[in-house]
Amino acid sequence: METFNKLAEQKPEDGPFSEEATQKTDVEAAECPGSVTETAETGYGGQGIKEIPNDNEDIELGYSFSNTGEISVPPLLIDQILGQEPAVEIVKKAARQRRHVMMIGTPGVGKSLLAKAMAELLPKEELEDILVYPNAEDSNNPRIRRVPAGKGREIVAAHRAEAQKKAQSKTMILMFLIVGIVIYTIFTGQSILIAIFICLLLLMFGRQFLGRDEALVPKLLVSNYNKQQAPYIDSTAAHAGALLGDVRHDPFQSGGLETPAHDRVEAGDIHKAHKGVLFMDEINLLSIESQQSLLTALQEKEYAITGQSERSSGALVKTEPVPCDFIMVAAGNIDALQKMHPALRSRIKGYGYEVYMRESIPDTAENRDKFIRFVAQEVMRDGHIPQFDEDAVKEIIREAKRRSGRKGQLTLKLRDLGGLVRVAGDLARADNAPFTTADHVLRAKKISRSIEQQLADRYLENKKDYESFLKEGGEIGRVNGLAVIGGDSGIVLPILSEVTPPMSGAQGNIIATGQLRTIAREAVKNVSAVIKKVTGKEIEVIDIHIQFVGTYEGVEGDSASVSIATAVLSAYEKIPVDQTVAMTGSLSVRGDVLPVGGVTYKIEAAAQAGIKRVIIPKANESDVMIEDSYKDIIEIIPVSNITEVVEHALMDGPRKQELLKKLEAALKPADS
């Protein structure tokens, strides 16, 4: 089971909650929908759904069309980028002024596409070829020369032709000598063996003599011949030699058979990106030494090539400084800033721009029309799938709404959405359909489920087989929690609690098991504050055990804290928990239920498991966008505080009423 991620920090511009770009929240971030396989267990008659806004209304577009073949696609990549208008403006400025750019955001939002678009904006007239020449004074220090783009091939060809002419002349002289020796031997009657020996010596020494001119031919290190735009070099995960250049190993280093030093020099990505764009994703994974060298290249705009490994034979060979005047586009998730060389980031920040990429945009008529063009672009780029009709495009837009994880938003994780477009197109092509239809898109959603979605389905089936979670009756200290794996798949997460005498006579403890990570452990501490507030000092004479069942790879995030609190209160007060209820939500130390991510996928997982009711945070009510097939079989209960959770989750009885009174008194604001 995948690690459950932590809740992202709230950003005012993002609404009630937001997801971090690094480890997706819980348990939380859920942008990608999962087509959940329906089972017989989903046939429960629900008790009616509360007034949740219907997300499956007809999608209205700004204009009508028969298929995406009628949609005009801009020729430049910069004009094809969807929803990242602030980043586009920065890229345009950076290209014009030759500034470096740092892009931070989750995968699939268009960082590499923006870098490619920047390369298109750079002037191709400034492109240069780079040549490396032998150095007569020091063979281990090859010389470097830059020439206009396309001239390098001409220069190398001219040198090679000249070398061939000289070699031909020398070959003719050598042949005349050999023929002369043979004729002399025949007429003088000398030993033929001596003549053969002399001819072999001439051939051996002549080879060195003839190859010397070829060794003087320069090597074209970087060629921009016939390039229609500035180079774009993706150097993500490149090792030091590939990034900074290297010197090839030469097994023959003496005896006239060695390869000339300048011919063994290989350009690095920083040199190939000269006058263009060097893109590096996950830059924090680059070694500190390579980051330091990259900083030097950025500052000096030239970097000498030498051996980067023990076998490169580069210990002695080092070229003159090689031009590398490129624009650096560094990218990564939010954690890239923590592990990035501070001087390198300072260089980018001081001489360029930093951009935080959007993950979603408002669901407006104008933005929906942009998604029409997006589908047309994906069809054009693929080149092997039929055009989409209007209903198919509407279904893609509806999916973009679901994958945003928030009401009134459209996702900008377009790489994954583009994958859905291509799968739907493949289905249409297999059917020999003239156009891709909405039915193809719906079928594509079912067969293009992520590994996490498939794992979640398998997980639910296994748990039902072994009765790891219950879906009827009441149970003390047992709660059906909900979580997300992989950001797009929900699962039911059973949580158990038991109250026992303390192991230590001095003081009781709260003991949580299930490989809890940092945020999950902190969530348990928050729950303990609420428990102490409700129960008073009695908690000091008991141990409270909390178990996350089946979490073999750990738990991260705090969206299970409401479930933990409910399980502990049930165990402490001996009140059964209604097992037809599942729940999710973050709990504050004052008992408020806070929003979490992935509510749509958690609700769908509960419905698939046969659970009848789901408790979610009131703040997440507008984020619910479940499939129509689940709407009539599960009841959604939005709550604002732990008192409301207890009211809906615990079985009715006198003890429950006493607990509700305790909660109301304990969590009442001080000034009320």
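Anything mentioned here points back to the structure above.
Quick caveat: nothing in here was measured; it's all calculated off a predicted structure.

### Considerations on the overall build of the protein
Tallying secondary structure elements over the protein gives 20 helices and 25 strands in all. Within the protein, the proportion of its 672 residues that are buried is 53%. Contacts in the protein between residues far apart in sequence, at least 24 positions, make up 77% of those at least 6 positions apart. Summed over its atoms, the accessible surface of the protein is roughly 30,500 Å², and 52% of this surface lies on carbon and sulfur atoms.

### A short note on the pattern of salt bridges
Under the counting rule described, the total for this entry stands at 29 salt bridges. Residue Glu354 is joined to Arg345 by a salt bridge in which the shortest nitrogen-to-oxygen separation is 2.8 Å. For Glu354, a relative accessible area of 31% translates into the label partly exposed. Across the pair Glu627 and Arg402 runs a salt bridge whose closest N-O atoms are separated by 3.6 Å. Of this pair, Glu627 sits in the loop between β24 (613-617) and α18 (628-631) while Arg402 sits in helix α11 (residues 390-404), and the two are 225 residues apart along the sequence. Owing to a relative accessible area of 2%, Arg402 belongs among the buried residues under this scheme. Connected via shared salt-bridge partners are Glu399, Arg402, Arg403, Lys445, Glu604 and Glu627.

### Structural notes on a nonpolar patch on the surface
A contiguous nonpolar surface patch, about 510 Å² in accessible area, is contributed by Val179, Val182, Ile183, Ile186 and Phe187. By relative accessible area, which is 71% here, Phe187 ends up exposed.

### Remarks on the sheet that holds strand β11 (residues 327-332)
For sheets, the rule is that strands pair by backbone hydrogen bonds, running either parallel or antiparallel. In space, the five strands of this open sheet follow the order β5-β8-β11-β1-β12, with parallel pairing throughout. Sheet topology places β5 (232-234) and β12 (352-356) at the edges, where each strand pairs with a single neighbour. Averaged over neighbouring strand pairs, the angle between their axes works out to 15° when direction is ignored. Here four bridges tie strand β8 (residues 277-280) to β11, and the two strands are oriented parallel to one another.

### Comments concerning the sheet that holds strand β3 (residues 143-148)
One open sheet accounts for three strands, arranged β3-β2-β4; its pairing is antiparallel. Bordering the open sheet on either side are β3 and β4 (219-222), each of which pairs with just one other strand. Averaged over all neighbouring strand pairs, the angle between strand axes comes to 35°, with direction disregarded. Of the strands in this sheet, β2 (128-133), β3 and β4 are in contact with helix α3 (residues 151-188), which crosses β2 at around 30°.

### Here we look at helix α16 (residues 561-573)
Between its terminal C-alpha atoms α16 stretches 18 Å, which fits the 18 Å expected from 13 residues at 1.5 Å a residue. A large share of α16 lies buried, amounting to 13 of its 13 residues. Lys574 occupies a position one or two residues after α16 and carries a positive phi of about 60°.

### A word on the packing of aromatic side chains
Within this structure, the stated rule accounts for three aromatic pairs. It is Arg153 that lies over the ring of Tyr225; its NZ or CZ is 3.9 Å from the centre.

### Considering unusual backbone geometry
The phi angle at Arg98 is positive, at roughly 55°, despite the residue not being glycine. Examined against the element boundaries, Arg98 turns out to sit in the loop between α1 (85-97) and β1 (100-104). A positive phi angle, near 60°, is found at Lys301, a position not held by glycine. Counting through the fold element by element, Lys301 comes out in the loop between α7 (288-300) and β9 (302-303).

### Points about the packing of helix α12 (residues 414-430) against helix α13 (residues 438-447)
At a minimum axis distance of 8 Å, the contact between α12 and α13 shows a crossing angle of 115°. The orientation of α12 relative to α13 falls into the category roughly perpendicular. Taken as a pair, α12 and α13 cross one another with a handedness that is right-handed. Here α12 contributes Leu420, Val423, Ala424, Leu427 and Ala428 to the contact with α13, which in turn contributes His440, Val441, Arg443, Ala444, Lys445 and Ile447.

Cut-off values and rules
- Every residue gets a number counted from 1 within its own chain, in the order that chain's sequence is written.
- With the structure being a predicted model, the display of local features is reserved for residues of pLDDT at least 70 and the display and counting of side-chain atom pairs for 80 or more, all residues being used for whole-chain, interface and lining totals.
- Derived side-chain values reflect all non-hydrogen atoms in the structure, with water molecules and hydrogen atoms excluded from consideration.
- Helix numbering and strand numbering both begin at the N terminus, where a helix is a DSSP run of H or I of at least 4 residues and a strand a DSSP run of E of at least 2.
- Exposure is judged per residue with a 1.4 Å probe applied to protein chains only, and the accessible area is read against the type maximum: over 50% gives exposed, under 20% gives buried, and values in between give partly exposed.
- In this analysis, two residues are considered to be in contact whenever any of their non-hydrogen atoms come within 4.5 Å of each other.
- Here the Shrake-Rupley method, with its probe set to 1.4 Å, supplies the accessible areas, and only the displayed protein chains count as covering residues.
- For salt bridges, the criterion is a side-chain nitrogen of Lys or Arg within 4 Å of an Asp or Glu carboxyl oxygen.
- The patches reported here contain residues having more than 30% relative accessible area and no salt bridge. Joining distances are 9 Å for like charges and 5 Å for nonpolar side chains (Val, Leu, Ile, Met, Phe, Trp, Tyr).
- Any two strands with at least two DSSP-identified bridges between them are counted as paired.
- Every angle, taken between N-to-C directions, lies between 0 and 180 degrees, and every axis is a line fitted to C-alpha atoms, over only the stretch in contact when it is a helix.
- Helix span, as expected, comes to 1.5 Å for every residue beyond the first.
- Note on aromatic contacts: the rings of Phe and Tyr and the six-membered ring of Trp form a pair at centre separations within 6.5 Å, being stacked when their planes are under 30 degrees apart, edge-to-face when over 60 apart, and tilted otherwise.
- Either the NZ atom of lysine or the CZ atom of arginine qualifies as a charge over a ring when it sits within 6 Å of the ring centre and within 35 degrees of the ring normal.
- Here the word oblique covers every angle except those under 35 degrees (roughly parallel), over 145 (roughly antiparallel) and from 65 to 115 (roughly perpendicular).
- Whether a crossing is left-handed or right-handed is set by the direction in which the near helix is turned from the far one by less than a right angle, anticlockwise for left-handed and clockwise for right-handed.

Taken by themselves, the reported measurements are silent on function.
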